[in-house]
Each structure stands twice: as C-alpha cells, then as structure tokens.
Amino acid sequence: MASSCQDESFDDGDSDASSVITTHNGSIASEMMVDRYGFLGGNQYTDPRFQYGVSVEILRKRELKWLEMFENWERFMTKKYKKVRNRCRKGIPPSLRAKAWQNLCGASHLLEAYKYKFPEIDHQSGDPKFVEDIKKDLHRQFPFHEMFVNKQGHGQADLFRILKAYSIFNPAVGYCQAQAPVAAVLLMHMPAEQAFWCLVSICERYIPGYYSPGLEAVQLDGDIMFGLLKKVSPVAYKHLRKQAVEPILYMTEWLMCIFSRTLPWSCVLRIWDMFLCEGVKVLFRVAIVLLKHQLGRSDITKQCPSMYETLERIRMIPPEVSQEDFLIQQCLHLPLTEHELEKEHQKQVSKRRALRELKLIQEHQQRSGTARKGGKSKS
C-alpha cells in the first residue's frame, strides 16, 4: 500500500523566497551575503559575523586523519569503530563530509553494487500521483539556499529526480513529504546519484518505516523517547503527561526531517555526522536535551498552563540551547546508557504488541457477539 504521506505541518515558513531574493536573468540578486553553507536568508541563515569554527590547524589535522581512515575504511569500522565515532562527534571536516556520509551509511557500497540502477529508474516516468506531489513540494525545500532558490535551477531538478527515483525504487512507500528536506540536505553535499543511495540507506536502514502509511515507526520511536525522558527530566515528563501532549504532536518533524527544519545549520550538520555513524539513538538524545532545557524546570512549566503554551515553548528553541557546541556536548553527556535505550525499546515494543493483541481479542468478541445475535433473530 503506497502513501504520499502529505502533511501541511512540513510546510517551510520560508516558502516565499521571492519576497527577499529576486532573480535577474537567472542569477541571484540580493544584498545579503551568502553564508558558508549556501543560504541567502531565512531561518537557516548563519550571519558571517557570528559564525565560529575550529582553527585552520586543527581542521587540517582532522582532514588528514579522515583521509587515513578512508584508505583503511573497513578496518576502522570493524576494529576501530570507537575512533570513527569519536571523530564524527567532533564534527566531520566540511571538505570531506560528502565522502564520509556515503561511507558511514553504506551508500558507497550500494552505488558499487547497483551501478546501473539509478540511471535506469531515473529515466522512468514514475507514478503520476507521486510525481504530482513531488512537484508541488519542490519549492518548499530550503527556498533561501542558493541551490534551490531558482525553480529552473539544477537543485530543484535534481531533487525531483531523486525523490521520483525513490518512489520507483520502493513503491510500497512511494513518496512522503518529509523525505524532501532529507534529500535536499544530501544534495547540498553531493551529486544526485550519490544522494539517492544515501537516501535509500537512511530510509531503509536508519529510520525504516518512518515514511510508511500510518507513521507507526515514528510513533513507536516517539514513545521510546518519551519513556527515556522520564529518567532524564521527570519535570518535563510529568508536565507533558499532565497536559496529554503526545510525542506525535512535536516529534514528527524532528524525527522525520532529522532536525533539518528545526535547528541552526551548523548544528544540523553535526547531528547528521553523529546520526549516520551511530543511528537513530542520536535523534532521541537531541530530542531529550531540547525537552529538558525547554520544560525541565518548574518555574518554566508554570508559564505553560495549557497545551498551546507548551507546544509553543517546545517550538521556540532559544539560541543558547540550539548553539552547536552546547547542544552536542549536552547530548554526549546525557545520562543514558545503551542498556537503558534497548530496555525502553523492548518495553515499548511489548506494550504495542499487547495493545494489538487486546484489540484483536475485542474485535473477535464483537464479531462473535454479532454472529450470535444474528443466529437468534433467524430462529
């Protein structure tokens, strides 16, 4: 069963880039300086006066270490994984991020194993319903980024190609609106074919089921995150539970878009560096840190007497919390062990299984009751 998974909550607040940026003969005309990530404005723009980074000397040392790892990638991943993980946590050098992401998620292997697959499906027309939905969403994806600002530009064209290709590659899932920003982030770093295989790996290895009908996998992970929040920040947990603020109300965009619509761009890239190395647990940690700092004190929760104020508080993340180094360090020092993560996962899976079984029993009893009534009326 296919689903386009359309949801207007994924509409980007920057969808009308023309109000700030105009094009003249196909070129961008704007007084605003392009930041180091390619943004010309909007929520993701990083003011050049306030952007920080590691020194050139440290960056060069890190680049050399990553180049050494690339030459012995299999050995590092099998025998020195902790070293790879720690280097991802420090931040992958920008010049090597594309290759590192492809290696980390296994896209480089997929590209080698299926050399002719992308060109083959790239030339196919695709399901008209998915194609129409994809075209409607193209202008919404980072419209202030230099790659996607022009409707006739290669950025939107390549974005269409890889989203359409995935809908053909996996027709059971087809196209989901939340795939688009993920694909766009990948395209900012690499050519279309490589981006496609990274998207395949993310969808099917890292967050399987996230884009399927019903969003059951997202809801499960939201429940896991909420269970872990109880240990880390009881105040935030109790407040959300008291107001019946379900994880699906605020977690959907965080998880499905891998925070690409939520946080400053330097922070997004650091999270992706760790996510592609360590998996979905990184997203849990980020979510818990954000909730802990937004709702983790009683003086804060008193300012959120209703669900509306609470959701606004979660949505409006202040710069001091979303600042790159602060947020990453908070995630890394969160008091959660691998065992606790696995235990909560098993707990939530068992809980859902029990609920499904109970529902089946109730449905069976209902059918049996209806059948008995029918038999009596005939007699």
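All of these numbers come straight from a predicted model, not from anything done at the bench.

> Is there a simple way to think about the overall build of the protein chain in this case?
On a plain count of helices and strands, the protein chain comes out with 20 helices and 2 strands. The buried share of the protein chain, reckoned over its 379 residues, is 49%. Excluding contacts between residues fewer than 6 apart, the proportion of contacts in the protein chain whose partners are at least 24 apart in sequence is 76%. By element, 53% of the accessible surface of the protein chain is carried by carbon and sulfur atoms, the whole surface being about 19600 Å².

> So what exactly am I meant to see when it comes to a positive patch on the surface here?
Taken together, the side chains of Lys61, Lys65, Arg75, Lys79, Lys80, Lys83 and Lys90 define a basic patch exposed on the protein surface. Counting residues per element, the ones that place at least two in the positive patch are helix 1 (56-71), helix 2 (73-79) and helix 3 (81-90). With respect to the element layout, Lys83 can be found in helix 3. Overall, Lys83 belongs to the partly exposed group, its relative accessible area being 38%.

> Teacher, can you tell me more about unusual backbone geometry here?
The phi angle of most residues is negative, glycine excepted, and most peptide bonds adopt the trans form. Despite not being glycine, Ala244 shows a phi value in the positive range, around 55°. Relative to the helices and strands, Ala244 resides in the loop between helix 12 (234-242) and helix 13 (248-256).

> Teacher, can you tell me more about the pattern of salt bridges here?
Note that side chains of opposite charge can pair when their charged atoms are close. The tally for this structure, following the rule as stated, stands at 17 salt bridges. Among the ionic pairs, Lys129 bridges to Asp133, the shortest N-O distance being 3.2 Å. In this pair, Lys129 and Asp133 both sit in helix 7 (residues 128-137), 4 residues apart, roughly one turn of the helix. Overall, Asp133 belongs to the buried group, its relative accessible area being 8%.

> So what exactly am I meant to see when it comes to helix 10 (residues 192-206) here?
At 3.6 residues per turn, the α-helix brings residues three or four places apart onto the same side. Helix length check: helix 10, at 15 residues, gives a terminal C-alpha distance of 20 Å against a target of 21 Å (1.5 Å per residue), a fit within 8%. Counting buried residues in helix 10 gives 11 out of 15 residues, a clear majority hidden from the surface. Listed as buried for helix 10 are Ala192, Ala195, Phe196, Trp197, Cys198, Leu199, Val200, Ser201, Ile202, Cys203 and Tyr206. Looking at the buried side of helix 10, the elements it contacts are helix 4 (97-105), helix 5 (107-113), helix 6 (117-122), helix 8 (154-169), helix 9 (179-187) and helix 14 (265-278).

Rules used in this analysis
- Residues numbered from 1 in each chain as written.
- Predicted model: local features only at pLDDT ≥ 70, side-chain atom pairs only at ≥ 80, totals over all residues.
- Heavy atoms only, no water.
- Helix = DSSP H or I, 4+ residues; strand = E, 2+ residues; numbered from the N terminus.
- Buried < 20%, exposed > 50% of the residue type's maximum accessible area, 1.4 Å probe, protein only.
- Contact = heavy atoms within 4.5 Å.
- Areas by Shrake-Rupley, 256 points an atom, 1.4 Å probe, with all protein chains shown as cover.
- Patch = residues over 30% accessible without salt bridge, like charges linked within 9 Å, V, L, I, M, F, W, Y side chains within 5 Å.
- Salt bridge = Lys/Arg side-chain N within 4 Å of Asp/Glu carboxyl O.
- Lys, Arg positive; Asp, Glu negative; His and termini not counted.
- Charge placed at Lys NZ, Arg CZ, Asp CG, Glu CD.
- Expected span 1.5 Å × (residues − 1).

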